[in-house]
Amino acid sequence: MAGALPEEGKLTDDIGVTPAGLRKWSPSALRAGRAIGVLSSIALTLMGLLLLTFLLARFLPADPVYAIIGDNADRDTYERVYRELGLDQPVYQQFFTYALKVVTGDLGMSHITGMPVVRDLLEVVPATLELAIVAIILGSAAGIPLGVLAGTNQNKPIDHVVRIIGLIGYSTPAFWAGMGILIIFYAQLGWIGGAGRQDPYFFGEVPTVTRLVTVDALLAGRVDIFLDALRYLVAPALILAYNALAYISRMTRSFMLEQMNQEYVVTAKAKGLSRGKVIWAHAFVNIRVQLVTIVALTFGAMLEGAVLVETVFAWPGLGQYLTRGLMFRDMNVVLGSVLVIGIFFIILNMLADFAYRQLDPRTR
């Protein structure tokens, strides 16, 4: 009959709308929408980070012109460089110009090294990554079991020992520990390497593939260079790992204490399950997602917070590069370094989200 409403089922089948007016999205459409949302969020985060850093750099009392030409340059030179840098333009136009360059991969030139900032970052970022990866592996491998041990033995001697170990890790200054290790194990015993990433004798001996000295040495089959790189890597990595151990063990202990007081743990014990199974198969399983967050945040902190360790051991990494940029008022270096750190944090968050979905199906 003309003007009659279509049947409910017919309406849903023809145009994909439920009686409540909700569209039925296919799984592929949902995945596409989720991907677009993630990419939009990443773009907005990076743009916000870039804008904030740019404004801070522009409004700092440090003059980027004098950083390039020196404090004794004449006024004509100052004016010329001032215009060449585009500082005579409005701030919004300066940011728009800089953002367009960043999108094309141009982070400007560093007046410290005289090289493009992108090229410098390709050299220093792998050095920090190599150091941080080894440190987070060691710190997690030791910190998580110690935290579980302390959390399942509250107020027992082993709990106090673990807490003291963590307290020492928190309170020991990195530069003091680094100097002590260099004096004892390098200057006196000669067990470890000194400044840098490897012995200068081995410079250029292996092809640069990953820019990680240890990995490139193994890929080239040079065990001698690999062992030499380990001699230089072990001390700064252990200092960072100890700091990571202190934080990870404390957080793991806190998570385990919370889980051990839950009803499901009491029920599992009442069923006669062994202590090891209760701890690892039940309580620990429920803190894995939280631990992923802790490990990811700790790793990110290493990338930006390894300045003192890199300085003591003359490790040519991102932290030392950023510090030099701040000291010499090289804003291109500062902006590029902060942007890279922000990108790494975004990547870590994405990896953590992926790990969440694998470890806990409820988050999918």
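Throughout what follows, the structure given in this document is the object of discussion. What you are looking at is a predicted structure, and each value in this text was computed from that prediction instead of being measured.

1. Let's talk about the side chain of Asp-216
- Position of Asp-216 among the secondary structure elements: in helix H9 (residues 213-219).
- At 7.1 Å, Arg-197 is the nearest oppositely charged side chain to Asp-216, a buried residue that forms no salt bridge.
- Polar side-chain contacts of Asp-216 include one of 2.8 Å to the side chain of Thr-210.
- When neighbours within four sequence positions are excluded, Asp-216 is seen to be in contact with Val-206, Pro-207, Thr-208, Val-209, Thr-210 and Arg-211.

2. Some points on helix H8 (residues 174-188)
- End to end, H8 covers 20 Å across 15 residues, agreeing with the expected 21 Å (1.5 Å per residue, within 8%).
- The largest bend in H8 is about 30°, located at Leu-182.
- For H8, the complete set of buried residues consists of Ala-174, Ala-177, Gly-178 and Leu-182.
- On its buried face, H8 sits against helix H10 (223-260) and helix H14 (307-312).
- Looking one or two places after H8, you find Gly-190, whose phi comes out positive at around 70°.

3. Brief notes about the packing of helix H2 (residues 27-59) against helix H16 (residues 331-359)
- Interaxial distance between H2 and H16 falls to 10 Å at its minimum, and their mutual angle equals 155°. The orientation of H2 with respect to H16, classified from their angle, is roughly antiparallel. Note on packing geometry: the crossing formed by H2 with H16 is right-handed. Residues Val-38, Ile-42, Thr-45, Leu-46, Leu-49, Leu-50, Thr-53, Phe-54 and Ala-57 of H2 touch H16, and the partners they reach there are Met-331, Leu-335, Val-338, Leu-339, Gly-342, Ile-343, Ile-346 and Met-350.
- Counted by class, the contact of H2 with H16 contains 14 nonpolar, three polar and no charged residues.

4. A look at helix H12 (residues 275-283)
- Within the sequence span of H12, burial applies to Val-278, Ile-279 and Ala-283. Projected down its long axis, H12 carries its buried residues within an arc of 95°, all on one side.
- Buried-residue contacts for H12 involve helix H6 (117-151), H10 and helix H11 (263-270).

5. Some points on the pattern of salt bridges
- Under the defined criterion, the tally for this structure stands at eight salt bridges.
- The salt bridge partner of Glu-123 is Arg-211, with a shortest N-O separation of 2.7 Å. You can see Glu-123 sitting in helix H6 and its partner Arg-211 sitting in the loop between H8 and H9, a full 88 residues away along the chain.
- Accessibility expressed as a relative area gives 43% for Glu-123, which makes it partly exposed.
- Looking at Arg-211, the relative accessible area reads 31%, which means it is partly exposed.
- For Arg-163, the salt bridge identified is with Asp-159, shortest N-O distance 3.9 Å. Of this pair, Arg-163 and Asp-159 both sit in helix H7 (residues 157-171), separated by four residues, roughly a single helical turn.

6. Some remarks on the nonpolar core
- Residues Leu-50, Tyr-98, Leu-107, Leu-121, Val-125, Met-256 and Leu-318 are the most contacted members of the largest nonpolar core, which totals 63 residues.
- If you tally residues by element for this core, the top one is H10, at twelve residues.
- Excluding anything up to four places from it in sequence, Leu-318 contacts Leu-121, Val-124, Val-125, Thr-128, Leu-303, Glu-310, Ser-337, Val-340 and Ile-341.

7. Focus on unusual backbone geometry
- Despite not being glycine, Asn-155 has its phi angle at roughly 65°, a positive value.
- If you trace the backbone, Asn-155 turns up in the loop between H6 and H7.
- Notably, Ala-314 is not glycine yet its phi reads approximately 50°, a positive angle.
- Here Ala-314 lies in the loop between H14 and helix H15 (318-327).

Here is what the cut-offs are and how they apply
Residues numbered from 1 in each chain as written. Predicted model: local features only at pLDDT ≥ 70, side-chain atom pairs only at ≥ 80, totals over all residues. Heavy atoms only, no water. Helix = DSSP H or I, 4+ residues; strand = E, 2+ residues; numbered from the N terminus. Buried < 20%, exposed > 50% of the residue type's maximum accessible area, 1.4 Å probe, protein only. Lys, Arg positive; Asp, Glu negative; His and termini not counted. Salt bridge = Lys/Arg side-chain N within 4 Å of Asp/Glu carboxyl O. Polar contact = N/O pair within 3.5 Å; in protein donor to acceptor, adjacent residues only side chain to side chain. Contact = heavy atoms within 4.5 Å. Expected span 1.5 Å × (residues − 1). Bend = angle between axes of the 7 residues up to and from the residue. Axes fitted to C-alpha atoms, helices over the stretch in contact; angles between N-to-C directions. Parallel < 35°, antiparallel > 145°, perpendicular 65-115°, else oblique. Left-handed = near helix turned anticlockwise from the far one by under 90°. Nonpolar A, V, L, I, M, F, W, Y, C, P; charged D, E, K, R; others polar. Arc of directions from axis to C-beta. Core = buried A, V, L, I, M, F, W, Y, C linked by side-chain atoms within 4.5 Å.

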